[in-house]
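One letter stands for each residue in the lines below.
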2 protein chains.
Amino acid sequence: MTSPPPAPALSRHPERQRSGRADLDEVLDSALVGHLATVLDGLPLVVPLGYARDGDRLLVHGSTGAGALRAAAAGSPVAFSVAVLDGLVYADSLFSSSMNYRSAVVHGRMHVVPAADRGRALDVVTERLMPGRRAEVRGHRSKELAATVVLALPLESFVVKVRSGPPGGEQPSGVWCGVLPLGTAVGEPRSAPWVAGDVPVPRSVEEWGRLRGSAGS
Amino acid sequence: MTSPPPAPALSRHPERQRSGRADLDEVLDSALVGHLATVLDGLPLVVPLGYARDGDRLLVHGSTGAGALRAAAAGSPVAFSVAVLDGLVYADSLFSSSMNYRSAVVHGRMHVVPAADRGRALDVVTERLMPGRRAEVRGHRSKELAATVVLALPLESFVVKVRSGPPGGEQPSGVWCGVLPLGTAVGEPRSAPWVAGDVPVPRSVEEWGRLRGSAGS
């Protein structure tokens, strides 16, 4: 394993950059899906993936046949990108209009989580996406574990960017300026067709918004 | 300009693949932010960006100094990834649990939109993100146009994936299974501090959810 490639310097809006691990963790823990970019034969590959932060590493999982995961598992350098859109920023010109967001890109090389640690790593991912669900269903079967690859990316080299607050400038021009907040809406659970009417919606579903902490705006 | 690199074959869940331009357009028109991946010195770069579809091309814009945009503008091959998370899919095992989503990755090479077309291209992007706002504010100034780069990516080589509906299988196990729908929540507009109390929230903000078509779950 060679050392991870350095994160590129941020050349645009340096005032939006954050450098702390706490900033990174806050962004990573606020989203459910990230985009894994890698390089194969000189060409970019990118795939959206569910993920979870597990302490000082980021975990993704997938089928052993997926292209970008295979390249990443083989040691290709990766960049994992997460963005949370918090609002639209209406300025008094289109040029100054913007978005409020929190974003992170983690650079490095992934490694395959060893078989002995795979079940626990999968539990971590599931527990992030569906808190409490693990306790409601059966455990992993060995053939399921065998069909899954879990990759880990150390949280060492990263760029975090945050924009928040009102539009830039302060120009009373008579035009309304401000922010339209955006967030995640959680709908009503829909039972699968074969679930009997007297089977209650479980706690992991009922409390998703509160436990996951990303509902609302 | 060389021909665009081919889109990689989809090796995982081929039943989720869609091949039509209408499928692609539906995904691209459902999101506000995509992730632009490219390659610089053999390493992956990725950056989240607001974007808009403009007929048969995808438009992004940014400062002339941004790294990934600069590499893309210089002709590096790109992959642009968009994902819309529609719900969490609770199966009777963690292994079969999934997400409902619509995703698209467009492969190719970008070109810089010529200066003469730049104002209109920026209007297209803004009109997608904030429908109606263009008519409420002043037009672009020439120094603003000069500080902005707009890149276009032809919609020729792409992969679309969609998962929808209930969990796989049909196993009445006594465990609740189903889908928790997720979508975009639109909050209450927040006026900038310098906006007088009698300036009404404009139509572009009031009707955002309806005009943009991506609110709700």
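Residues numbered from 1 in each chain as written. Chains lettered and ligands numbered in written order. Predicted model: local features only at pLDDT ≥ 70, side-chain atom pairs only at ≥ 80, totals over all residues. Heavy atoms only, no water.

Draft legend 1. Broad picture of the overall build of chain A. Helix and strand content of chain A: six helices and eleven strands. Here the analysis covers contacts within chain A between residues at least 6 apart in sequence; of these, 75% occur between residues at least 24 apart. (Helix = DSSP H or I, 4+ residues; strand = E, 2+ residues; numbered from the N terminus. Contact = heavy atoms within 4.5 Å.)

Draft legend 2. Layout of the interface of chain B and chain A. Contacts between chain B and chain A engage 93 residues on the former and 93 residues on the latter. Our count for the contact surface shared by chain B and chain A stands at zero salt bridges. On inspection of chain B and its partner chain A, the count reaches 16 residue pairs in polar contact (both at pLDDT 80 or more). Top element by residues in the side of chain B that touches chain A is strand 5 (residues 77–90) of chain B. It accounts for ten residues. (Salt bridge = Lys/Arg side-chain N within 4 Å of Asp/Glu carboxyl O. Polar contact = N/O pair within 3.5 Å; in protein donor to acceptor, adjacent residues only side chain to side chain.)

Draft legend 3. Representation of the relation of the copies chain B and chain A. Expressed as a screw transformation, the operator carrying chain B onto chain A has a rotation angle of 180 degrees and an axial translation of 0.0 Å, and the superposed copies differ by an RMSD of 0.0 Å. Taken together, the turn and the small shift mark the pair as related by a two-fold rotation axis. Most of the interface of chain B is mirrored in chain A: 100% of its interface residues are interface residues there too. (Least-squares fit on C-alpha atoms with pLDDT ≥ 70 in both.)

Draft legend 4. Examining the pairing of strand 6 (residues 98–109) of chain B more closely. Residue and element names in this part refer to chain B. Most of strand 6 sits inside the fold, with eleven of its twelve residues counted as buried. With twelve bridges joining them, strand 5 and strand 6 adopt antiparallel strand pairing. Note on strand 6: the bridge partner recorded for Ala83 is Ser103. Taken together, the seven bridges between strand 6 and strand 9 (residues 157–163) define a ladder with antiparallel strand orientation. (Buried < 20%, exposed > 50% of the residue type's maximum accessible area, 1.4 Å probe, protein only. Pairing = 2+ DSSP bridges.)

Draft legend 5. Representation of the pattern of salt bridges. All names here are of chain A. For the coordinates displayed, the defined rule picks out 30 salt bridges over all chains. Of the charged contacts, one joins Arg102 and Glu26 as a salt bridge, the two residues approaching to 2.7 Å between their closest N and O atoms. With Arg102 in strand 6 (residues 98–109) and Glu26 in helix 1 (residues 21–28), this residue pair connects regions lying 76 residues apart in the sequence. Here Arg102 falls in the buried class, since its relative accessible area comes to 18%.

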